[in-house]
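# Report on the structure
Each chain, letter by letter, is given below.
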Amino acid sequence: MGEAARHEHELVVKNDLKVVAEVRRFVRLVTGQWDMDDFVPCLVASELVTNALRYASASDDDVTFRIGRTDDGALWLEVQDATYDLPRMQETDMISEAGRGLFIVDQFARCWGIRPLSNNAGKVVFAVLDPS
């Protein structure tokens, strides 16, 4: 991961949905250093972190959010949590308040995916956003 590793920033998030605003501030700070628009990165980061917190295995499990750059300048966002249940995109309707997280990620990301960690230690959900 050479190039990306030099430009990676990490934030450990407590299991409390109120911290999603803190994640957005962190994304704004980092994308501002890279002179990038922060709207889509904040939206995608919010969805990834909210999803991880909502389905965390225990209330004291922390979630780790990372943001970095790829070799071609794209934005790499990832969330690591301790659950090994893999999220899936749900059918959404226009009335429902929930269930849109991965649909939104899918709409804005160049690509996204899930990487299970060994020994059922959890997973990483990532998204790559084109620079804007």
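A brief report on the enclosed structure follows. Note that this is a predicted model, so its numbers are computed, not measured.

## Observations regarding the nonpolar core
Of all hydrophobic cores here, the largest spans 28 residues; its most connected members are Val13, Val23, Leu48, Val49, Phe65, Ile67 and Leu77. Elements with a contribution of two residues or more to this core: β1 (9-13), α2 (20-33), α3 (39-54), β2 (63-69), β3 (75-81) and β5 (123-129). Looking at which element gives the most residues to this core, the answer is α3, with seven residues. Excluding its chain neighbours within four sequence positions, the residues that come into contact with Val23 are Leu11, Val13, Ala45, Val49 and Phe65.

## A closer look at the side chain of Arg69
Residue position: Arg69 is located in strand β2. The side chain of Arg69 sits in the buried core without any salt bridge; Asp72 is the nearest counter-charge, 7.6 Å away. A polar contact is formed between the side chain of Arg69 and the backbone oxygen of Gly73, at a distance of 3.1 Å.

## A few points about the sheet that holds strand β4 (residues 111-116)
Strand order in the open sheet formed by five strands is β1-β2-β3-β5-β4, and the pairing between neighbours is antiparallel. Of all the strands in the sheet, just β1 and β4 have a single pairing partner and so form its edges. Neighbour-to-neighbour, the strand axes of this sheet turn through a mean angle of 15°, independent of strand direction. As paired elements, β2 and β3 share six bridges and run antiparallel to each other. Bridging from a neighbouring strand, Gly68 pairs with Trp76 of β3. In the packing of α3 onto the sheet, the strands contacted are β1, β2, β3 and β5, and the crossing angle to β3 comes to about 10°.

Analysis parameters
Residues numbered from 1 in each chain as written. Predicted model: local features only at pLDDT ≥ 70, side-chain atom pairs only at ≥ 80, totals over all residues. Heavy atoms only, no water. Core = buried A, V, L, I, M, F, W, Y, C linked by side-chain atoms within 4.5 Å. Buried < 20%, exposed > 50% of the residue type's maximum accessible area, 1.4 Å probe, protein only. Helix = DSSP H or I, 4+ residues; strand = E, 2+ residues; numbered from the N terminus. Contact = heavy atoms within 4.5 Å. Lys, Arg positive; Asp, Glu negative; His and termini not counted. Salt bridge = Lys/Arg side-chain N within 4 Å of Asp/Glu carboxyl O. Polar contact = N/O pair within 3.5 Å; in protein donor to acceptor, adjacent residues only side chain to side chain. Pairing = 2+ DSSP bridges. Axes fitted to C-alpha atoms, helices over the stretch in contact; angles between N-to-C directions.

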